[in-house]
There are 2 protein chains.
Amino acid sequence: MRYSTRLSVATHILLCIALLGGEHKTTSAFLAGSVGVNPVVVRNVLGQLKAAGIVSVEPGVGGASLAREPERISLLDVFRAVEGQEGLFRLHDNPNPECPVGRNVHAVLGKSLAAVDDAMEAQLAATTLRELMDATSEREAMRYRG
Amino acid sequence: MRYSTRLSVATHILLCIALLGGEHKTTSAFLAGSVGVNPVVVRNVLGQLKAAGIVSVEPGVGGASLAREPERISLLDVFRAVEGQEGLFRLHDNPNPECPVGRNVHAVLGKSLAAVDDAMEAQLAATTLRELMDATSEREAMRYRG
DNA sequence: GTATACTGTAATGTCAACAGTTACAACCGA
DNA sequence: TCGGTTGTAACTGTTGACATTACAGTATAC
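Keep in mind the model is a prediction, meaning the values are calculated, not measured. (Residues numbered from 1 in each chain as written. Chains lettered and ligands numbered in written order. Predicted model: local features only at pLDDT ≥ 70, side-chain atom pairs only at ≥ 80, totals over all residues. Heavy atoms only, no water.)

Colleague: Where do I start with the packing of aromatic side chains in this structure?
Modeller: Given two aromatic rings, their pairing is described by the distance between the two centres and the angle made by the two planes. Inspection of every chain in the model, using the stated rule, returns two aromatic pairs over all chains. When the centroid spacing of 6.0 Å and the interplanar angle of 90 degrees are considered together, the rings of A:Phe79 and B:Phe89 count as edge-to-face. One end of the pair, A:Phe79, is in helix H4 (residues 75-83); the other, B:Phe89, is in the loop between helix H4 (75-83) and helix H5 (105-125), on a second chain. The cationic tip of A:Arg143 hangs over the ring face of A:Tyr144; the distance from NZ or CZ to the ring centre is 5.8 Å. (Phe/Tyr/Trp six-rings, centres within 6.5 Å; stacked < 30°, edge-to-face > 60°. Helix = DSSP H or I, 4+ residues; strand = E, 2+ residues; numbered from the N terminus. Lys NZ or Arg CZ within 6 Å of the ring centre and 35° of its normal.)

Colleague: What is the right way to read the interface of chain B and chain A from this model?
Modeller: Interfaces are often described in size by the accessible area the parts lose on coming together. Each side of the interface is counted separately: chain B has 57 residues, and chain A has 57 residues. In this assembly, chain B and chain A are joined by two salt bridges. Among the salt bridges present, the one from B:Glu140 reaches A:Arg103, with a minimum N-O distance of 2.7 Å. Run the count over chain B and chain A and you get 14 residue pairs in polar contact (both at pLDDT 80 or more). Mapped by element, the contributors of at least two residues to the side of chain B that touches chain A are helix H1 (6-20), helix H2 (28-35), H4, H5 and helix H6 (129-145) of chain B. With twelve residues, H5(B) is the largest single contributor of residues to the side of chain B that touches chain A. Of the residues that constitute the side of chain B that touches chain A, the class distribution is 31 nonpolar, 18 polar and eight charged. (Contact = heavy atoms within 4.5 Å. Salt bridge = Lys/Arg side-chain N within 4 Å of Asp/Glu carboxyl O. Polar contact = N/O pair within 3.5 Å; in protein donor to acceptor, adjacent residues only side chain to side chain. Nonpolar A, V, L, I, M, F, W, Y, C, P; charged D, E, K, R; others polar.)

Colleague: I would appreciate a short explanation of the protein's contact with DNA strand D in the present structure.
Modeller: DNA strand D sits among 25 residues. The nearest are A:Ser28, A:Arg43, A:Lys50, B:Thr5 and B:Gly60. Of all DNA strand D atoms lying within 4 Å of any protein atom, the proportion belonging to sugar or phosphate reaches 63%. Between a phosphate oxygen of DNA strand D and a side-chain N or O atom of A:Lys50, the distance comes to 2.6 Å. At the level of elements, helix H3 (39-51) of chain A together with helix H3 (39-51) of chain B are the ones that each hand at least two residues to the surface near DNA strand D. In terms of residue count, H3(A) provides more of the surface near DNA strand D than any other element does, four residues in total. (Near = heavy atom within 4 Å.)

Colleague: Even after reading the chapter, I still don't get helix H5 (residues 105-125) of chain A, so can you show me in this structure?
Modeller: Residues spaced three or four apart along an α-helix face the same direction, because each turn holds 3.6 residues. With 21 residues, H5(A) extends 30 Å from end C-alpha to end C-alpha; this agrees with the ideal 30 Å at 1.5 Å per step. Within H5(A), the full set of buried residues consists of A:Val105, A:Val108, A:Leu109, A:Ser112, A:Leu113, A:Val116, A:Asp117, A:Ala119, A:Met120, A:Glu121 and A:Leu124. Buried-residue contacts for H5(A) involve helix H1 (6-20) and H4 of chain A together with H1, H4, H5 and H6 of chain B. (Expected span 1.5 Å × (residues − 1). Buried < 20%, exposed > 50% of the residue type's maximum accessible area, 1.4 Å probe, protein only.)

Colleague: Quick question: what am I supposed to make of the nonpolar core here?
Modeller: Proteins that are soluble and globular tend to have nonpolar side chains buried together. Judged by nonpolar contacts, the single largest core of 80 residues is most densely connected at A:Ile13, A:Leu49, A:Leu124, B:Ile13, B:Leu49 and B:Leu124. Discounting chain neighbours no more than four positions away, the residues touching B:Leu49 are B:Ala10, B:Leu14, B:Ile54, B:Val55, B:Val78, B:Ala81 and B:Val82. (Core = buried A, V, L, I, M, F, W, Y, C linked by side-chain atoms within 4.5 Å.)

Colleague: Can you walk me through the protein's contact with DNA strand C in this structure?
Modeller: Taken together, the neighbourhood of DNA strand C is formed by 24 residues, with A:Thr5, A:Gly60, B:Ser28, B:Arg43 and B:Lys50 sitting nearest. Backbone atoms, meaning sugar plus phosphate, form 62% of the atoms of DNA strand C positioned within 4 Å of the protein. Between DNA strand C and the protein, one listed contact pairs a phosphate oxygen with a side-chain N or O atom of B:Lys50 at 2.6 Å. Counting only elements with at least two residues in the surface near DNA strand C, the list comes to H3 of chain A together with H3 of chain B. In terms of residue count, the dominant contributor to the surface near DNA strand C is H3(B) (four residues). Here the surface near DNA strand C is composed, by residue class, of nine nonpolar, ten polar and five charged.

Colleague: Please explain H4(A) as it appears in this structure.
Modeller: Judged by how many residues are buried, H4(A) sits mostly within the fold: seven of nine residues are covered. Within the span of H4(A), buried status applies to A:Leu75, A:Leu76, A:Val78, A:Phe79, A:Ala81, A:Val82 and A:Glu83. Buried positions along H4(A) lie against H1, H3, H5 and helix H6 (129-145) of chain A together with H5 of chain B. The first or second residue beyond H4(A) is A:Gly84, which carries a positive phi of 80 degrees.

Colleague: Explanation requested: the side chain of A:Ser34 in the structure shown.
Modeller: Locating A:Ser34 in the fold gives a position in helix H2 (residues 28-35). When residues no more than four places from it in sequence are discounted, the contact partners of A:Ser34 are A:His12, A:Cys16, B:Asn94, B:Pro95, B:Asn96, B:Cys99 and B:Gly102.

Colleague: Looking at this model, I keep getting lost on the environment of B:Arg103. Mind explaining?
Modeller: Counting through the fold element by element, B:Arg103 comes out in the loop between H4 and H5. A relative accessible area of 24% means that B:Arg103 is categorised as partly exposed. Sequence spacing of B:Arg103 and B:Pro70 is 33 residues, and the spatial spacing of their C-alpha atoms is 46 Å. Sequence-distant contacts of B:Arg103, defined by excluding residues within four places in its chain, comprise A:Glu140, A:Arg143, A:Tyr144, B:Asn96, B:Pro97 and B:Glu98. Side chain to side chain, B:Arg103 and A:Glu140 meet in a polar contact 2.7 Å long. Within polar-contact distance, the side chain of B:Arg103 engages the backbone oxygen of B:Pro97 at 3.2 Å.

This is the structure in structure tokens:
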């Protein structure tokens, strides 16, 4: 089982706002057209990003903008905003407490899996929106240079 | 969305085989009793572990055993056996190729997410079944020492 | 050789999460 | 007030996990 596409969608939205916000009014309909999903999906994701303090959305008039500099928005921030704080793995529910393995497996395995969670989050935190913006601009420039 | 409990179940099964295999015949029914799941679930997971070369299962007579030393079985081996090789994250399906963000987002974001996958796998690879066995034994010993 | 116990696997049912969509109230600027 | 937009609720289809039943295949014990 894998994560949903929400991190991917949210990152795409943020890149659009950051890179195209000057030229276009970034409404949910405009963003939905770039991402390729329903505008309601965009509005829901924007709601999560807004609750996390990553974007500001203008009700009524429409449009979204970054709430802080892209250098200070990491993939971990986005990930937590859209996927919540729960760990990556789930432990099974009913290990038998009368078995020497069953009564210890959650404690023993949980420690190792928490380390895996930490490693994943550290790597997510290592990428900022600014880097993704630059990489996108670079690829666009390549496109025209050949 | 999070992974299923299969890694947790599979690890529990392996610990039972490794630590209790001497005293008990580790049939799917016995293992199911410790893990707290249906015996068919155990047989399915054992089938995946067998396909990955981690355990041997005796058809007919019954019982499973490790196919190699616990020092050489890492959580990454178990993870790949039961969860497959797919990456952790999914990219959204239909970014708009006419948008400068849409036509680059998969390449740009995919690189960062691959690094996250690698970090997760490296941390999973850092824990062996032997370490989990020792930690379990240690906790059991604590139980009686007080 | 037959009974017994176990594995391997298919089929089915339930449940939860994701994602797409429609609908509509609330909001704001012209 | 009107038109465009956001914020949400509700409904639907799809997918995957997990539990369970059922049964064919296999190996040992007698």
